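# Per-entry structural report
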Amino acid sequence: PHIGSGAVGWADRGQTVFDRRGARPDGTTDGTVIYAPEDPTRAQGVPKAGVLDVARDGRVLFERGDSLFVAPNVAALTSEQTATGFRLPEPDAWGHQLRQGGDWVAYTARSEQAGEYVVFVARTHPPYEHWRASPRGGEEPVWSPDGALVYREGNRWMRVSVPNAPRGSPGA
């Protein structure tokens, strides 16, 4: 849904609304306004941070400048207590989904090799590993409650397990 003048708003399980404001031509945002749906007058502003996703456990994936960050919760986001940022190698990434625990982010981007949209996963902390999770294209990644990655490949839904240890690789 669109809220206000061109800003995209969305709600996290109906508890919190994240309203991205002031989109610039380069795709960056001037900030996010956060509020409870029952009381938008008590909104909190988060300058120069665009919220991308909130995991099941409340961790927040957001962008600031050209980097992504994970905050342990909304309160830490609004107080700017965040860890080191990271970057994704694909400049056209979209549909970001943060896994519970905040260790992994899944997203869709165009593969220059395949010439189609594919699903990638990236670790949000060192060693910042990155993999293509969908071998034949894919979109709309989501995390299942048990931590597996599920994505759409054409009209089928595919499931991939993500490695628990560094330097592993995704598997079916």
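Residues numbered from 1 in each chain as written. Predicted model: local features only at pLDDT ≥ 70, side-chain atom pairs only at ≥ 80, totals over all residues. Heavy atoms only, no water.

## Observations regarding the overall build of the protein chain
- Scanning the protein chain from terminus to terminus reveals 1 helix and 15 strands.
- Counting the 172 residues in the protein chain, one finds 43% classified as buried.
- For the protein chain, restricting intrachain contacts to residue pairs at least 6 apart in sequence, the fraction spanning at least 24 positions comes to 27%.
- Per element, the accessible surface of the protein chain, about 9,300 Å² overall, is 50% carbon and sulfur. (Helix = DSSP H or I, 4+ residues; strand = E, 2+ residues; numbered from the N terminus. Buried < 20%, exposed > 50% of the residue type's maximum accessible area, 1.4 Å probe, protein only. Contact = heavy atoms within 4.5 Å. Areas by Shrake-Rupley, 256 points an atom, 1.4 Å probe, with all protein chains shown as cover.)

## Overview of the layout of surface pockets
- Taken as a whole, the second largest pocket spans an internal volume of roughly 160 Å³.
- Around the second largest pocket, the lining is made up of 14 residues, and of these Arg 56, Leu 98, Gln 100, Trp 143 and Ser 144 lie nearest the centre.
- Those elements that place two or more of their residues in the lining of the second largest pocket are strand 6 (50–54), strand 9 (94–98) and strand 13 (139–143).
- When the residues that make up the lining of the second largest pocket are grouped by side-chain class, the tally is 6 nonpolar, 4 polar and 4 charged. (1 Å grid on protein atoms, 1.4 Å probe; cavity = no way out; pocket = protein on both sides within 12 Å on 5 of 7 lines; lining within 4 Å. Points joined across faces, edges and corners; volume = space filled by probe spheres on them. Nonpolar A, V, L, I, M, F, W, Y, C, P; charged D, E, K, R; others polar.)

## Thoughts on the confidence of the model for the protein chain
- On average, the protein chain scores 79 in pLDDT, and the residues at 70 or more come to 76%.
- Mean pLDDT across the secondary structure elements of the protein chain bottoms out at strand 1 (residues 2–3), with 30, and peaks at strand 14 (residues 149–153), with 95.
- Confidence drops under a pLDDT of 50 for residues 1–8, and excluding neighbours within four residues, the segment shows 15 contacts in the predicted structure. (pLDDT = per-residue confidence, 0-100.)

## Brief notes about the sheet that holds strand 10 (residues 104–111)
- Ordered by their spatial adjacency, 4 strands build an open sheet running 9-10-11-12, and the pairing between neighbours is antiparallel. Pairing within the sheet leaves two strands with one partner each, and these edge strands are strand 9 and strand 12 (130–132). On average, adjacent strands in this sheet sit at an angle of 25 degrees to one another, irrespective of strand direction.
- Relative to strand 10, strand 9 is paired through 3 bridges, and the arrangement is antiparallel. Looking at strand 10, one finds that Trp 94 is bridged to Thr 108. (Pairing = 2+ DSSP bridges. Axes fitted to C-alpha atoms, helices over the stretch in contact; angles between N-to-C directions.)

## A short note on the sheet that holds strand 7 (residues 60–64)
- Ordered by their spatial adjacency, 3 strands build an open sheet running 6-7-8, and the pairing between neighbours is antiparallel. Every other strand in the sheet has two partners, leaving strand 6 and strand 8 (67–71) as the edge strands with one partner each. Between one strand and the next, the sheet's axes are offset by a mean angle of 25 degrees, whatever the strand orientation.
- Alignment of strand 6 against strand 7, held across 4 bridges, turns out to be antiparallel. Paired with Gly 50 across the bridge in strand 7 is Glu 63.

## Thoughts on the nonpolar core
- Core analysis: the biggest nonpolar cluster contains 14 residues, and Leu 61, Leu 68, Phe 86, Leu 88, Val 105 and Tyr 107 have the highest contact counts within it.
- Those elements that provide at least two residues to this core are strand 8, strand 10 and strand 11 (116–123).
- If we skip the residues at most four places from it in the chain, Leu 88 touches Leu 68, Ala 93, His 96, Val 105, Tyr 107 and Ala 122. (Core = buried A, V, L, I, M, F, W, Y, C linked by side-chain atoms within 4.5 Å.)

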